[in-house]
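Summary of structural features
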Amino acid sequence: MIKRRLHFWVGLNGVDETENRRALRWARYLEIPAIATALSIIVFWHMETRQGTLPLYGRLLDGFIWLYFVGETAWLTYLVDNRARYLRNNWLNLVIILLGVPVLWGVYP
């Protein structure tokens, strides 16, 4: 129960156990790549602070990371039965998506 609450407050609750089997299966498939993608953000931020600015591949990776979160969130939102609960429980994905737009457009580094 405590683990579940922590995931909710962190915004990484995933697909609820009461959802349909297809959504649960896809959530399992996407879990490890999502964690790897999220951790890569930290690595790229570190690289950027050490080098001052990211070269072209860094900008492409920023775009890939953002697209991954958009795709994962859109796909799982489509698959689940209770979309509002899924988005509420995974609010961090929405924050990443919304904050990624100005970064990708070059408004905010």
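Residues numbered from 1 in each chain as written. Predicted model: local features only at pLDDT ≥ 70, side-chain atom pairs only at ≥ 80, totals over all residues. Heavy atoms only, no water.

1. What to know about the overall build of the chain
- In terms of helices and strands, the chain carries five helices and zero strands.
- Secondary structure of the chain in N-to-C order comes out as α-α-α-α-α.
- Per-residue burial for the chain yields a buried fraction of 28% across its 109 residues.
- Expressed as a percentage of contacts within the chain between residues at least 6 apart in sequence, the contacts between residues at least 24 apart total 69%.
- Accessible area for the chain stands at about 7700 Å²; split by element, carbon and sulfur atoms hold 70% of it. (Helix = DSSP H or I, 4+ residues; strand = E, 2+ residues; numbered from the N terminus. Buried < 20%, exposed > 50% of the residue type's maximum accessible area, 1.4 Å probe, protein only. Contact = heavy atoms within 4.5 Å. Areas by Shrake-Rupley, 256 points an atom, 1.4 Å probe, with all protein chains shown as cover.)

2. As for the packing of aromatic side chains
- Counted under the stated rule, the structure contains four aromatic pairs.
- Ring geometry for Trp26 against Tyr29: centres 5.6 Å apart, planes inclined by 80°, an arrangement best described as edge-to-face. Taken as a pair, Trp26 and Tyr29 lie in helix H2 (residues 21–51) at a separation of three residues, close to a single helical turn.
- One aromatic cluster is present, built from ring pairs that chain together Trp26, Tyr29, Trp75 and Tyr78. (Phe/Tyr/Trp six-rings, centres within 6.5 Å; stacked < 30°, edge-to-face > 60°.)

3. A short note on the nonpolar core
- Within the largest apolar cluster, 10 residues are counted, these being Val15, Ala23, Ala27, Leu30, Ala34, Tyr68, Leu76, Leu79, Val80 and Tyr86.
- Those elements giving two or more residues to this core turn out to be H2 and helix H3 (56–79).
- Considering each element in turn, this core owes the most residues, four residues, to H2.
- Aside from chain neighbours lying at most four places away, what touches Leu30 is Tyr68, Glu72, Trp75 and Leu76.
- Formed by five residues, the second largest nonpolar core is a distinct cluster that contains Phe44, Ile65, Phe69 and Ile97. (Core = buried A, V, L, I, M, F, W, Y, C linked by side-chain atoms within 4.5 Å.)

4. Quick word on the pattern of salt bridges
- This structure, assessed with the given rule, holds two salt bridges.
- Between Arg85 and Asp16 there is a salt bridge whose closest N-O contact spans 3.9 Å. Pair noted here: Arg85 is in helix H4 (residues 83–89) and Asp16 is in the loop between helix H1 (2–10) and H2, with a separation of 69 residues, a long-range link.
- Residue classification places Asp16 among the buried residues on the basis of a relative accessible area of 14%.
- For Glu19, the salt bridge goes to Arg85, with nearest N and O atoms at 2.7 Å. (Salt bridge = Lys/Arg side-chain N within 4 Å of Asp/Glu carboxyl O.)

Structural measurements only, silent on function.
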